[in-house]
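# Residue-level structural notes
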Amino acid sequence: MNELAITVIGPDRTGIVADVTGALAGAGANLSDSTMTRLGGHFTMTLICTGAAAEDVGKALEPLSGVITTVRAVEPSGSGDQGEPYLVSVHGADRLGIVAAVTRVVAAAGGNITDLTTRLTGPLYVLVAEVDLPPGASDDLSVRLEHAAQELGVEVTLRRAESDVL
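Residues numbered from 1 in each chain as written. Predicted model: local features only at pLDDT ≥ 70, side-chain atom pairs only at ≥ 80, totals over all residues. Heavy atoms only, no water.

### Overview of the sheet that holds strand β1 (residues 3-11)
Worth spelling out the cut-off: A strand pair is defined by DSSP finding two or more bridges across the two strands. Comment: elements are numbered from the N terminus, with helices defined as DSSP H or I runs of at least four residues and strands as E runs of at least two. For helices, the axis comes from a line fit to the C-alpha atoms of the stretch in contact; other axes are also lines fit to C-alpha atoms, and the angle between any two N-to-C directions lies between 0 and 180 degrees.
If you trace the four strands from one edge of the open sheet to the other, you get β2-β3-β1-β4, paired in antiparallel fashion. The sheet is open, and its two edges are formed by β2 (30-39) and β4 (68-73), each paired on a single side. Neighbour to neighbour, the strand axes of the sheet diverge by 10° on average, direction disregarded. Pairing geometry for β2 and strand β3 (residues 42-50), over nine bridges, is antiparallel.

### Describing the packing of helix α1 (residues 16-26) against helix α2 (residues 54-61)
Heads up, the rule is: Here roughly perpendicular refers to angles of 65 to 115 degrees, roughly parallel to angles under 35, roughly antiparallel to angles over 145, and oblique to all remaining angles. For any pair of crossing helices, the crossing counts as left-handed if the nearer helix is rotated counterclockwise from the farther one by less than a right angle, and right-handed if it is rotated clockwise. Only heavy atoms enter the contact rule, under which two residues are in contact if any of them lie within 4.5 Å. In this classification, Asp, Glu, Lys and Arg are treated as charged, Ala, Val, Leu, Ile, Met, Phe, Trp, Tyr, Cys and Pro as nonpolar, and every other residue, Gly included, as polar.
Between α1 and α2, the least distance of the axes is 9 Å, while the angle of their chain directions is 140°. With respect to α2, the axis of α1 lies oblique. Read as a crossing pair, α1 and α2 show a hand that is right-handed. On the side of α1, the interface is formed by V20, A23 and L24, while α2 contributes V57, A60 and L61. Of the residues belonging to the contact of α1 with α2, the class tally is six nonpolar, no polar and no charged.

### Considerations on the sheet that holds strand β8 (residues 154-160)
One open sheet holds the four strands; their spatial order is β6-β7-β5-β8, and the pairing between them is antiparallel. Only two strands of the sheet have a single neighbouring strand rather than two, namely β6 (112-121) and β8. Neighbour-to-neighbour, the strand axes of the sheet open up by a mean angle of 15°, direction not taken into account. As judged from the ten bridges shared by strand β5 (residues 84-93) and strand β7 (residues 124-133), these two strands associate in the antiparallel manner. For V88, the partnering residue across the bridge sits in β7 and is A129. Contacting β5, β6, β7 and β8, helix α3 (residues 98-108) crosses the sheet at an angle of about 155° to β5. Along the sheet, helix α4 (residues 138-152) makes contact with β5, β7 and β8, crossing β8 at roughly 165°.

Below, the structure written as structure tokens:
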């Protein structure tokens, strides 16, 4: 079965999600994984779809005005080793390099960032990351993050993530 990675970026407007997903369904693309958000007033959507050919999906998205789309075939990936789920939260005064420093510390501890969100609200910068850690790595990571936080002048927390309840 075809698996496609699709991105859509454009000005946010009412109905854009319905228009994009309607075009995908019309082309026979089944959404298996997606994320959608507004970034600085721009609509952004990243999806993994199955079933349709990349060319058909590209043609189905062409009529959408004002958006930039990409469609490419990808190899299906297995779930792999998930690790232990944790949340990293950072908040403090905005400054250059917060994301780079925190994510480098997580990577050095063997952590895999599975989701990351940042927001700047006035002078306050907030980062929240979902991280899969190797078993037993959380104590060392907590110490490393605290050291990075002191250097950056921010507050950081690392806590075990609660299981999602569907």
